[in-house]
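# Reading the structure
Residue-level listing of the chains:
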Amino acid sequence: PDGSVGVDRTAHPDFDFPAERWEGTQLPGDIVLIPSRWWHQTYYWETCFSVASQYFNEVNIDGVLDHILDWSETDKSLLPNAYPSLPHHERVESALLAVLKNAYGEGVGEKVWATI
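Residues numbered from 1 in each chain as written. Predicted model: local features only at pLDDT ≥ 70, side-chain atom pairs only at ≥ 80, totals over all residues. Heavy atoms only, no water.

## A short note on the overall build of the protein chain
Short version of the rule: Note on conventions: DSSP H or I runs of at least 4 residues are helices, E runs of at least 2 residues are strands, and numbering of each starts at the N terminus. Using a 1.4 Å probe on the protein chains alone, a residue whose accessible area is under 20% of its type maximum counts as buried, one over 50% counts as exposed, and one in between counts as partly exposed. It only takes one pair of heavy atoms within 4.5 Å for two residues to be counted as in contact. Every accessible area reported is derived by Shrake-Rupley at a probe size of 1.4 Å, with residue values counting cover from the shown protein chains alone.
Looking only at helices and strands, the protein chain has 3 helices and 0 strands in total. From first element to last, N terminus to C terminus, the protein chain shows the α and β order α-α-α. For the protein chain, the residues scored as buried account for 18% of the 116 residues in total. Across the protein chain, every contact between residues at least 6 apart in sequence was considered, and the portion connecting residues at least 24 apart equals 41%. If you sum the accessible surface of the protein chain, you get close to 9,700 Å²; carbon and sulfur atoms cover 55% of it.

## Considering the nonpolar core
The condition is simple: Here the nonpolar core consists of buried residues drawn from Ala, Val, Leu, Ile, Met, Phe, Trp, Tyr and Cys, with membership extended through side-chain atoms lying within 4.5 Å.
Counting 11 residues, the largest nonpolar core consists of Ile61, Val64, Leu65, Ile68, Leu69, Leu79, Tyr83, Leu86, Ala95, Ala98 and Val99. Where this core is concerned, the elements lending two or more residues are helix H1 (61-71) and helix H2 (88-104). Broken down by element, this core gets its largest block of residues, 5 residues, from H1. When neighbours within four sequence positions are excluded, Ile61 is seen to be in contact with Phe56, His88, Arg91 and Val92.

## Re the packing of aromatic side chains
Note the threshold: Between 30 and 60 degrees the pair is tilted, below 30 it is stacked and above 60 it is edge-to-face, where a pair is any two Phe, Tyr or Trp rings, Trp via its six-membered ring, whose centres lie within 6.5 Å. Only when the NZ atom of a Lys or the CZ atom of an Arg is both within 6 Å of the ring centre and within 35 degrees of the ring normal do we say a charge sits over the ring.
Overall, the coordinates contain 0 aromatic pairs when judged by the stated rule. Of note, Arg91 hangs over the ring of Tyr83, and the distance from its end group to the ring centre comes to 5.9 Å.

## Some thoughts on the pattern of salt bridges
Rules: Criterion for a salt bridge: a side-chain nitrogen of Lys or Arg within 4 Å of a carboxyl oxygen of Asp or Glu.
Taken as a whole and judged by the stated rule, the model has 4 salt bridges. Note that Asp62 is salt-bridged to Arg91, the shortest N-O span being 2.1 Å. Here Arg91 lies in helix H2 and Asp62 lies in helix H1, a separation of 29 residues in the sequence. What makes Arg91 buried here is its relative accessible area of 7%.

## Here's the deal with the environment of Ile116
Within the secondary structure layout, Ile116 lies in the segment after helix H3 (106-115). Judged by its relative accessible area of 55%, Ile116 falls in the exposed class. Distance in space between the C-alpha atoms of Ile116 and Gly29 is 4.9 Å, their sequence separation being 87 residues.

## Notes on the packing of H1 against H2
Note the following rule: All axes are obtained by fitting lines to C-alpha atoms, using only the stretch in contact for helices, and the reported angles, taken between N-to-C directions, cover 0 to 180 degrees. Working rule for angles: under 35 degrees goes down as roughly parallel, over 145 as roughly antiparallel, 65 to 115 as roughly perpendicular, anything else as oblique.
Running from amino to carboxyl end, H1 crosses H2 at an angle of 10 degrees, the nearest separation of the two axes being 10 Å. Relative to H2, the element H1 is oriented roughly parallel. Within the contact between the two elements, H1 uses Ile61, Asp62, Leu65, Ile68 and Leu69 and H2 uses His88, Arg91, Val92, Ala95 and Val99.

Pasting the structure below:
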């Protein structure tokens, strides 16, 4: 909004900065978990693949994965036929692999997945 790095003071004039700030670099294969209600900001130095969710569990897994597939315009025919009945962790892996295949092609998508 105002072009600067940090909190948009116009939109959030009463924002109170925390006593300390943490900064880090996420490397390939790393997972970053940010506690509930923590303000955060991310920057991407190069093309990347990320998944974000406010809360992800067996209750909302269908909605989260559907949103990821829809937002990325992933062809759902890339999902295995047994996708709806797979255990949760296998559905997550299948959906993310399908997104990568959709974005980079079958062979490259599988190679990218193998490095994660």
